Protein chains: 2
Amino acid sequence: MMIAFPEAVERLTAALGGGPSARLAASALIEADALGMPRFGIDLLGEWPADTAPVSKDVNPQATSWRDCSSCFAPLAVAAATLELCTAARRFGVAVVFLRGVRGFGRLAPFVRSLADGGLIGIAGTEGPPFVAAHGGTRPVIGTNPLALAMGQGAERVVIDLASSSGTMADVRSARAEGRPLKDGFALDGTGQPTRTAAEVAALLPRGGQVGSLLGLMVELIAGVAGGGRGDPKGRGVFLLAIDPGGAAEAVDIRNTLAGLQHDWVDGGGHWPRGGGLSAEATLDAAFVQRLDAHLVRMSAQRGG
Amino acid sequence: MMIAFPEAVERLTAALGGGPSARLAASALIEADALGMPRFGIDLLGEWPADTAPVSKDVNPQATSWRDCSSCFAPLAVAAATLELCTAARRFGVAVVFLRGVRGFGRLAPFVRSLADGGLIGIAGTEGPPFVAAHGGTRPVIGTNPLALAMGQGAERVVIDLASSSGTMADVRSARAEGRPLKDGFALDGTGQPTRTAAEVAALLPRGGQVGSLLGLMVELIAGVAGGGRGDPKGRGVFLLAIDPGGAAEAVDIRNTLAGLQHDWVDGGGHWPRGGGLSAEATLDAAFVQRLDAHLVRMSAQRGG
């Protein structure tokens with residue numbers, strides 16, 4: 001039995017307590033499964049405990065805020081922060097929220113896309129445990145540290161989700177499981193030498209050399225240092241930033257400029273990134289439904305429902 | 001006759017009308033010369049005309065602002081915007097300014113460093129005429145689009161100035177002048193094929209493939225689309241964003257976390273980027289003094305002084 005994407009979102013939203021944050025978290029997780037990235041999908045519900053502190057609602061969000069999410073279910077905490085950021089950015093013109101102690105919450109793309117849905121430019125980054133070496137370095141010092149940006153709506157929408165490392169430890173584990181060699185330039189062994197053997201990997205390499213290395217460092221500086229995520233054993237550091245371009249008024253025709261850039265980019269042979277949004281007609285397969293049901297049953301039991 | 005860096009800054013600051021913006025612009029230009037980047041140095045004074053509109057001072061800067069700089073001397077306009085952004089970020093916690101119509105103003109590093117001097121996280125990017133192809137593309141669609149970030153003070157300060165392209169058209173011109181072949185992966189010819197012949201270059205390539213391409217696209221989206229710089233024949237789009245981490249209060253020990261990241265980064269074999277700041281003991285050579293004098297004489301004559 002397949003299930004339609006909106007119906008799956010409906011069911012999980014209810015199980016997560018309902019409301020806009022639950023809906024955003026549910027659709028982010030289910031979308032990842034639909035895109036073939038179960039690691040970022042509903043398997044993260046395994047972290048959902050009934051006794052999690054409810055995500056505190058900030059009814060009067062500030063332009064900058066810092067929040068410890070270590071006692072919250074991470075996808076809900078990131079979703080709630082995203083929606084509050086949307087309110088704050090509309091009020092102040094620009095706003096940023098720093099989250100720390102964030103456990104697995106999935107992909108950044110659905111959250112920055114939600115900010116774009118709100119008419120904002122959404123930017124986000126996340127740091128994590130050190131798996132990636134600096135360019136020219138020999139030991140892991142930062143996480144895989146992706147940076148994401150979304151803006152626009154409809155056909156010209158853009159959603160960039162840019163990893164700063166050559167890959168992830170999950171890639172290494174699957175290469176190891178399948179006995180595959182790694183690509184060149186992917187990883188270093190414990191002596192700091194390049195290796196293609198998954199079992200020998202001690203550090204991943206930055207993507208594209210120096211450019212990925214400095215991109216990863218930027219994300220570490222914002223999410224890890226300013227946001228306080230670095231070295232926190234309770235979870236990652238995440239930042240979300242939103243800019244309301246409405247203040248440009250008539251000075252800048254943002255929609256047409258975006259459409260023009262998209263045209264030039266695609267016409268010049270580039271790929272316009274959309275961050276994997278799904279249409280409402282998307283469906284998920286029977287294996288997914290089985291996994292979702294198992295989670296919903298367990299969640300209901302934990303709630304004593 | 002050599003000249004000490006502070007004395008050169010003093011003289012140019014006076015010629016630019018004095019005050020904090022003139023000082024920041026003067027030191028940014030002179031620093032570029034001292035670092036061996038005359039293209040971003042005092043040669044930009046060739047754009048200085050006595051009848052430039054004075055940079056308007058915004059005595060009450062907002063959290064977001066958009067400004068047309070096409071009638072201003074660009075280094076002064078960027079410097080004034082940087083100092084006003086510093087005030088705005090301290091007031092609001094986070095602030096962003098979008099400049100358009102910006103002619104040559106030099107490097108981003110001195111401006112984001114000035115924000116870091118003010119205790120802020122400074123982030124900036126600039127777009128420009130299309131010289132760079134999208135990853136996988138065949139024609140130039142965006143500029144060389146650097147992204148810069150600075151934070152911290154003293155020994156642990158970090159200043160990243162990250163180009164998103166393999167190089168610049170200036171690199172192509174100098175290779176052509178010297179009859180040198182270009183590096184592999186640097187450029188495409190008019191048919192979209194890789195070329196190492198400078199005279200054949202029709203497009204530069206993004207740095208590190210997809211990662212540089214998407215980084216350049218992010219900068220284009222912020223500075224070019226949201227800021228309105230894209231396609232403006234009067235000059236580039238530039239954005240400057242500043243975050244005041246003071247709101248973190250005791251929750252995050254930013255200074256020690258930054259020092260710890262720096263230690264890990266360097267200890268793991270990475271290079272800690274400092275963005276080429278100069279010590280007060282730096283000196284510039286006689287050839288520089290001659291060029292500076294020529295500019296100062298011309299500027300004085302143009303003012304009718």
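Below, the structure is looked at part by part. The structure presented is a predicted model; accordingly, all values stated were derived computationally and were not measured. (Residues numbered from 1 in each chain as written. Chains lettered and ligands numbered in written order. Predicted model: local features only at pLDDT ≥ 70, side-chain atom pairs only at ≥ 80, totals over all residues. Heavy atoms only, no water.)

## Looking at the interface of chain A and chain B
- Contacts between the two partners involve 67 residues from chain A and, on the opposite side, 67 residues from chain B.
- Taken together, the two surfaces of chain A and chain B that pack against each other cover about 5,300 Å², and 80% of this comes from carbon and sulfur.
- Broken down residue by residue, the surface that chain A buries against chain B is led by V211, M218 and W265 of chain A, which jointly contribute 13%.
- In this structure, the connection of chain A to chain B is made through four salt bridges.
- R139 of chain A is the partner of D267 of chain B in a salt bridge, and the nearest nitrogen-oxygen pair spans 2.7 Å.
- The interface formed by chain A and chain B contains six residue pairs in polar contact (both at pLDDT 80 or more).
- With 14 residues, helix α6 (residues 210-226) of chain A is the largest single contributor of residues to the side of chain A that touches chain B. (Contact = heavy atoms within 4.5 Å. Buried area = accessible area lost by both parts, 1.4 Å probe. Salt bridge = Lys/Arg side-chain N within 4 Å of Asp/Glu carboxyl O. Polar contact = N/O pair within 3.5 Å; in protein donor to acceptor, adjacent residues only side chain to side chain. Helix = DSSP H or I, 4+ residues; strand = E, 2+ residues; numbered from the N terminus.)

## Some words on the sheet that holds strand β12 (residues 236-243) of chain A
Residues and elements named next belong to chain A.
- One open sheet accounts for six strands, arranged β2-β3-β12-β4-β7-β8; its pairing is mixed. The sheet is open, and its two borders are formed by β2 (64-68) and β8 (158-162), each paired with just one other strand. Here the strands of the sheet are splayed against their neighbours by 10° on average, with no regard to which way each runs.
- Judged from the four bridges that link them, strand β4 (residues 121-126) and strand β7 (residues 147-151) form a sheet pairing that is antiparallel. Paired with I123 across the bridge in β7 is L149. (Pairing = 2+ DSSP bridges. Axes fitted to C-alpha atoms, helices over the stretch in contact; angles between N-to-C directions.)

## Concerning empty space enclosed by the protein
- Enumeration according to the criterion identifies one cavity of 30 Å³ or more in this entry.
- One number sums up the size of the largest cavity: a volume of about 250 Å³.
- At the level of elements, β7, α6 and β12 of chain A together with β7 (147-151), α6 (210-226) and β12 (236-243) of chain B are the ones that each hand at least two residues to the lining of the largest cavity.
- Considered class by class, the residues forming the lining of the largest cavity number 17 nonpolar, no polar and no charged. (1 Å grid on protein atoms, 1.4 Å probe; cavity = no way out; pocket = protein on both sides within 12 Å on 5 of 7 lines; lining within 4 Å. Points joined across faces, edges and corners; volume = space filled by probe spheres on them. Nonpolar A, V, L, I, M, F, W, Y, C, P; charged D, E, K, R; others polar.)

## Digging into the pairing of strand β3 (residues 94-102) of chain B
Residues and elements named next belong to chain B.
- Most of β3 is tucked away: nine of the nine residues are buried.
- Where strand β2 (residues 64-68) meets β3, five bridges bridge the pair, whose relative direction is parallel. Paired with W66 across the bridge in β3 is F98.
- Handedness of the β2-helix α3 (residues 74-92)-β3 crossover: right-handed.
- Direction of pairing for β3 relative to β12: antiparallel, over a ladder of seven bridges. Counted as the bridge partner of L99 is V238 from β12. (Buried < 20%, exposed > 50% of the residue type's maximum accessible area, 1.4 Å probe, protein only. Right-handed = clockwise from strand over helix to strand, strands pointing away.)

## Brief notes about the packing of aromatic side chains
Residues and elements named next belong to chain A.
- In this structure the tally under the stated criterion is four aromatic pairs over all chains.
- Seen from their ring centres, W66 and F98 are 4.8 Å apart, and the 20° between their planes marks the pair as stacked. Placement of W66 in strand β2 and of F98 in strand β3 (residues 94-102) is noted, with a sequence separation of 32 residues between them.
- Exposure remark for W66: the relative accessible area of 15% places this residue in the buried category.
- Look at F98 and you get buried, because its relative accessible area is 0%. (Phe/Tyr/Trp six-rings, centres within 6.5 Å; stacked < 30°, edge-to-face > 60°.)

## Re the sheet that holds β2 of chain B
Residues and elements named next belong to chain B.
- Spatially, the six strands line up as an open sheet ordered β2-β3-β12-β4-β7-β8, and their pairing is mixed. Only two strands of the sheet have a single neighbouring strand rather than two, namely β2 and β8 (158-162). Between one strand axis and the next, the sheet turns by 10° as a mean value, whatever way the strands run.

## Digging into the environment of P110 of chain A
Residue and element names in this part refer to chain A.
- By the element assignment, P110 lies in helix α4 (residues 109-117).
- The exposure class assigned to P110 is buried, which follows from its relative accessible area of 4%.
- Along the primary structure P110 and A79 are separated by 31 residues, whereas in three dimensions their C-alpha atoms are 9.3 Å apart.
- For P110, the residues in contact, after removing those within four places along its chain, are L24, A28 and E31.

## Here we look at the packing of helix α3 (residues 74-92) of chain A against α4 of chain A
All names here are of chain A.
- With their axes 10 Å apart at the nearest point, α3 and α4 run at an angle of 20° to one another. Our classification of the angle between α3 and α4 gives roughly parallel. Where α3 crosses over α4, the handedness of that crossing is right-handed. The residues of α4 that touch α3, namely those facing P75, V78, A79, T82, L83, L85 and C86, are F111, S114 and L115. (Parallel < 35°, antiparallel > 145°, perpendicular 65-115°, else oblique. Left-handed = near helix turned anticlockwise from the far one by under 90°.)

## Remarks on the relation of the copies chain A and chain B
- Mapping chain A onto chain B calls for a rotation angle of 180° and an axial translation of 0.0 Å; the resulting RMSD is 0.0 Å. Given the turn and translation reported, the copies of this chain are related as if by a two-fold rotation axis. No C-alpha of chain A lies nearer the rotation axis than that of G208 of chain A, which sits 2.0 Å from it.
- In this assembly, 100% of the residues forming the interface of chain A have copies in chain B that are likewise at the interface, indicating an isologous arrangement. (Least-squares fit on C-alpha atoms with pLDDT ≥ 70 in both.)

## Focus: α3 of chain B
Residues and elements named next belong to chain B.
- Given a rise of 1.5 Å per residue, 19 residues ought to cover 27 Å, and the 26 Å separating the end C-alpha atoms of α3 matches this to within 8%.
- Buried residues dominate α3, accounting for 14 of its 19 residues.
- After α3 finishes, the residue G93 shows a positive phi value of roughly 100°. (Expected span 1.5 Å × (residues − 1).)

## Side note on the environment of L45 of chain A
- Within the secondary structure, L45 of chain A sits in the loop between α2 (19-34) and β2.
- With 19 residues separating them in the primary sequence, L45 of chain A and A26 of chain A have C-alpha atoms 9.8 Å apart.

## A word on the pairing of β8 of chain B
Residue and element names in this part refer to chain B.
- Buried residues dominate β8, accounting for four of its five residues.
- Direction of pairing for β7 relative to β8: antiparallel, over a ladder of five bridges. By the bridge assignment, M151 is partnered in β8 with V158.

## Things to note about helix α1 (residues 5-15) of chain A
Residue and element names in this part refer to chain A.
- Buried within α1 we find F5, A8, V9, L12, T13 and A15. One side of α1 carries all its buried residues, which in axial view fall inside an arc of 160°.
- Buried residues belonging to α1 abut β1 (3-4), α2, β13 (283-284) and α8 (286-302).
- The first or second residue beyond α1 is G17, which carries a positive phi of 105°. (Arc of directions from axis to C-beta.)

## Considering the pattern of salt bridges
All names here are of chain A.
- One pass over the structure, following the stated rule, counts 30 salt bridges over all chains.
- Residue R103 pairs with E47 through a salt bridge whose shortest N-O separation is 2.8 Å. Of this pair, R103 sits in the loop between β3 and α4 while E47 sits in the loop between α2 and β2; the two residues are 56 residues apart in sequence, bridging distant segments of the chain.
- Through salt bridges with shared partners, a single network forms among E31, R107 and R113.

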